Amino acid sequence: SAGASDISARVYTNAAQSISNACDNLVLWQVETYDTNSMHGTNACQSHACASSKLTAKTAGKYHISVGIEFAVNVTGFRGGYIREGGDTVISTVRQTSVCGTGKPQFQFSTDYDLGACDYVQVLVAQNSGGSLDLSNSAGLTWFAMHKIN
């Protein structure tokens, strides 16, 4: 069970999100697996429409931020993603060539980063398959998590 000092959140997609070709796409997170400090969605720090795309540090400190992404099957182009802090600073990134055959491109990436009170992070993804591709809508495959480490 979560202790009094546990500050963490994990969210995922439960609906297919179409990712446009050849541009950055903000990922929206519909469901919370857990959120011990109201870090996801609207809260005292975030009250606008884009709040579902964010995890917000309500308490300043160092956080471990991690992401898992799965795209629909397509053998053309690359897939990539990045974590963005404060709407403009890229703090972690990944890119891979698509998978041959019937495999779905999957990747995970993470970083440790100092966040101030009310600083937020978001995930953006990109692909260049030649058309739109969906992200997987499974808690175990497309997710975003953050926990305070000190």
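As a starting point, this report considers the structure included with it. Since the structure is predicted, the reported quantities are computational estimates derived from the model, not experimental observations.

## A few points about the sheet that holds strand 4 (residues 31–35)
Read across the sheet, five strands follow the order 4-1-12-6-9 without closing on themselves; strand pairing throughout is antiparallel. Only two strands of the sheet have a single neighbouring strand rather than two, namely strand 4 and strand 9 (106–115). Strand-to-strand, the axes of this sheet are offset by a mean angle of 10 degrees, without reference to chain direction.

## Notes on the pairing of strand 5 (residues 54–57)
Every second residue of strand 5 is oriented toward a common face, with K54 and T56 on one face and L55 and A57 on the other, all of them buried. Of the pairings in the sheet, the one linking strand 5 to strand 10 (residues 119–127) comprises four bridges and is antiparallel in character. Looking across to strand 10, one finds that L55 is bridged to V121.

## Structural notes on the side chain of S92
Relative to the elements of secondary structure, S92 occurs in strand 8 (residues 89–97). Given the relative accessible area of 10%, S92 is considered buried. Within the local environment of S92, its side chain forms a polar contact with the backbone oxygen of S110, the two atoms lying 3.4 Å apart. Excluding its chain neighbours within four sequence positions, the residues that come into contact with S92 are G81, Y82, I83, F109, S110 and T111.

## Here's the deal with the environment of N14
Mapped onto the elements, N14 comes out in the loop between strand 1 (8–12) and strand 2 (17–19). For N14, a relative accessible area of 41% translates into the label partly exposed. Linking N14 and M146, residues 132 residues apart in sequence, is a C-alpha distance of 19 Å. Contacts of N14, omitting those with residues within four sequence positions, involve Q30, V31 and N137.

## Here we look at the environment of F144
Within the element layout of this structure, F144 appears in strand 12 (residues 143–148). For the pair F144 and V27, spaced 117 residues apart in sequence, the C-alpha to C-alpha distance is 9.5 Å.

## Structural notes on the nonpolar core
Counting residues in each nonpolar core, the largest one holds 27 residues, and the members touching the most others are I65, I69, V121, F144 and M146. Sorting the residues of this core by element identifies strand 1, strand 5, strand 6 (61–70), strand 8, strand 9, strand 10, strand 11 (133–135) and strand 12 as the ones contributing at least two each. Apart from the residues within four sequence positions on either side, I65 is in contact with I83, I91, F109, S110, T111, Y113, L115, V121, F144, A145 and M146.

## Describing the packing of aromatic side chains
Summed over the entire model, instances satisfying the criterion amount to three aromatic pairs. When the centroid spacing of 5.5 Å and the interplanar angle of 35 degrees are considered together, the rings of W29 and F144 count as tilted. Remark: F144 occurs in strand 12 and W29 occurs in the loop between strand 3 (25–26) and strand 4; sequence separation between them is 115 residues. Assigned by exposure class, W29 and F144 land together as buried. Put simply, the rings of F71, F107 and F109 touch in pairs and so form one group of aromatic residues. Over the aromatic face of F71 sits the side chain of R79, whose NZ or CZ is 5.9 Å from the ring centroid.

## Regarding unusual backbone geometry
Its identity as a non-glycine residue notwithstanding, S38 has a phi of 50 degrees, on the positive side. Structurally, the position occupied by S38 is in the loop between strand 4 and strand 5. Phi at C118 is positive, roughly 75 degrees, even though this residue is not glycine. Positionally, C118 belongs in the loop between strand 9 and strand 10. Judged by relative accessible area, C118 falls into the partly exposed class, the value being 36%.

How each quantity is defined
Along each chain, numbering runs from 1 in the same order as the chain's sequence is written. Residues qualify for local features only when their pLDDT is at least 70, as the model is predicted, and side-chain atom pairs are given and counted only at 80 or more; totals for whole chains, interfaces and linings, by contrast, use all residues. Based on all heavy atoms of the structure, the side-chain values leave hydrogens and waters out of the count. Paired strands, as defined in this entry, are two strands with at least two bridges between them according to DSSP. To qualify as a helix, a DSSP run of H or I must reach at least 4 residues; to qualify as a strand, a run of E must reach at least 2; elements of each kind are numbered from the N terminus. Each axis is a line fitted through C-alpha atoms, taken for helices only over the stretch in contact, and angles between the N-to-C directions span 0 to 180 degrees. Working definition: with a 1.4 Å probe on protein chains only, accessible area under 20% of the residue-type maximum means buried, over 50% means exposed, and in between means partly exposed. Contacts described as polar in this section are N or O atom pairs within 3.5 Å, which, within protein, must combine one atom able to donate a hydrogen with one able to accept it, while residues neighboring in sequence count only if both atoms come from side chains. For this analysis, residues touch if any pair of their heavy atoms sits within 4.5 Å. For this analysis, a nonpolar core means a set of buried residues of the types Ala, Val, Leu, Ile, Met, Phe, Trp, Tyr and Cys, connected via side-chain atoms within 4.5 Å. By convention, a stacked pair of Phe, Tyr or Trp rings (six-membered ring in the case of Trp) has centres within 6.5 Å and planes under 30 degrees apart, an edge-to-face pair has planes over 60 apart, and any other such pair is tilted. When the NZ atom of lysine or the CZ atom of arginine is within 6 Å of a ring's centre and also within 35 degrees of its normal, the charge is said to sit over that ring.

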